[in-house]
Amino acid sequence: MDGLTINIRWEYFLGIISALIAIAWYSNGRFTKLETSMEWVIKILNGLKIGLAADEVAPAHSPRKLNARGEKVLSGSGIKEIIDENKSGLLALVKEKNVNNPYDAEQYVLQVVSELKKDTLIIERLKKGAFSVGADIDTVLFVGGIYLRDLIFPELGFFVTDLDKPKTDGSH
């Protein structure tokens, strides 16, 4: 006797295969739910990463101002030129939000600039610029957002120094 032979009727074989397929399908659904439920962790970690990168180029003092590293990213990445070329369109997008205070205005400015990475022509320029200054795209966009904020705040009726003042619309 050199081997082991198992004889299974075809009905039992189909039953075993069906059970294995059912187990695999059920397990896949469970793993998919686990992956979906972990998306919030990924969002939090991305937010922390962006926050840390922001502190590297514009330390968290109110109001944020670009430091030497931020100025280098601004001048060397091409984001300054991108912001200057698109200033009027970006200003219009921020004005659409009907902001009531400088804090919200700053948040909308940063959001509008962050969405520049969705533009297929701009993203290629951002990638090249980010590579040339040794930064990631989100950092370059954050620097561009601070630059745009400083450019358009007067047109929105605010001053950057207003960011130190408490909100007046009752929110915290």
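Refer to the preceding data block for the structure.
Here's a quick rundown of the structure. (Residues numbered from 1 in each chain as written. Predicted model: local features only at pLDDT ≥ 70, side-chain atom pairs only at ≥ 80, totals over all residues. Heavy atoms only, no water.)

## Brief notes about the packing of aromatic side chains
Applicable threshold: Here the aromatic set is Phe, Tyr and Trp, taking the six-membered ring for Trp, and pairing holds for ring centres within 6.5 Å; pairs whose planes are under 30 degrees apart are stacked, those over 60 apart are edge-to-face, and all others are tilted. Burial classes: relative accessible area under 20% of the type maximum marks a residue as buried, over 50% as exposed, and values in between as partly exposed (1.4 Å probe, protein chains only).
Per the stated rule, a full pass over the model turns up one aromatic pair. Ring centres of Phe153 and Phe158 lie 5.8 Å apart, and the angle between their planes is 55°; this geometry places the pair in the tilted category. For Phe153, a relative accessible area of 0% puts it in the buried group. We classify Phe158 as buried; its relative accessible area is 10%.

## A closer look at helix 4 (residues 79-95)
The cut-off we apply is this: Helix and strand definitions here come from DSSP, where helices need a minimum of 4 consecutive H or I residues and strands a minimum of 2 consecutive E residues; each element is numbered from the N-terminal end. Helix span is expected to be 1.5 Å times the residue number reduced by one. The bend at a residue is defined as the angle formed between two axes, one fitted to the seven residues ending at that residue and one fitted to the seven starting there. The contact criterion used throughout is that any non-hydrogen atoms of two residues lie within 4.5 Å.
Taking 1.5 Å of rise per residue, 17 residues should cover 24 Å, yet helix 4 covers just 21 Å from first to last C-alpha, more than 12% shy of that figure. Lys87 marks the point of greatest bend in helix 4, at about 70°. Listed as buried for helix 4 are Ile79, Ile82, Ile83, Leu90, Leu91 and Val94. Close packing links the buried residues of helix 4 with helix 3 (68-76), helix 5 (102-114), helix 6 (120-133) and helix 7 (137-156).

## Describing the packing of helix 4 against helix 5
Test applied: To obtain each axis, a line is fitted to C-alpha atoms, and for helices this fit is confined to the stretch in contact; angles are then taken between N-to-C directions over 0 to 180 degrees. Angles are sorted into four bins: roughly parallel if under 35 degrees, roughly antiparallel if over 145, roughly perpendicular if 65 to 115, and oblique for all others. Less than a right angle of anticlockwise turn of the near helix away from the far helix marks a crossing as left-handed, whereas a clockwise turn marks it as right-handed.
Two numbers describe how helix 4 lies on helix 5: the axes approach to 10 Å, and their chain directions differ by 125°. Classified by the angle between their axes, helix 4 and helix 5 sit oblique to one another. Helix 5 is crossed by helix 4, and the crossing has right-handed handedness. Contacts between helix 4 and helix 5 involve Ile83, Leu90, Leu93 and Val94 from the first element and Tyr108, Val109, Val112 and Val113 from the second.

## Some remarks on the packing of helix 4 against helix 6
Just so we agree on the cut-off: Residue classes follow a fixed rule: Ala, Val, Leu, Ile, Met, Phe, Trp, Tyr, Cys and Pro count as nonpolar, while Asp, Glu, Lys and Arg count as charged, and any other residue, Gly among them, counts as polar.
As a packed pair, helix 4 and helix 6 sit with axes 10 Å apart at the nearest point and diverge in direction by 155°. If you check the angle between helix 4 and helix 6, you find them roughly antiparallel. Residues Ile79, Glu81, Ile82, Glu85 and Asn86 of helix 4 form the contact with helix 6, whose own contacting residues are Ile122, Arg125 and Leu126. Here the residues of the contact of helix 4 with helix 6 sort into four nonpolar, one polar and three charged.

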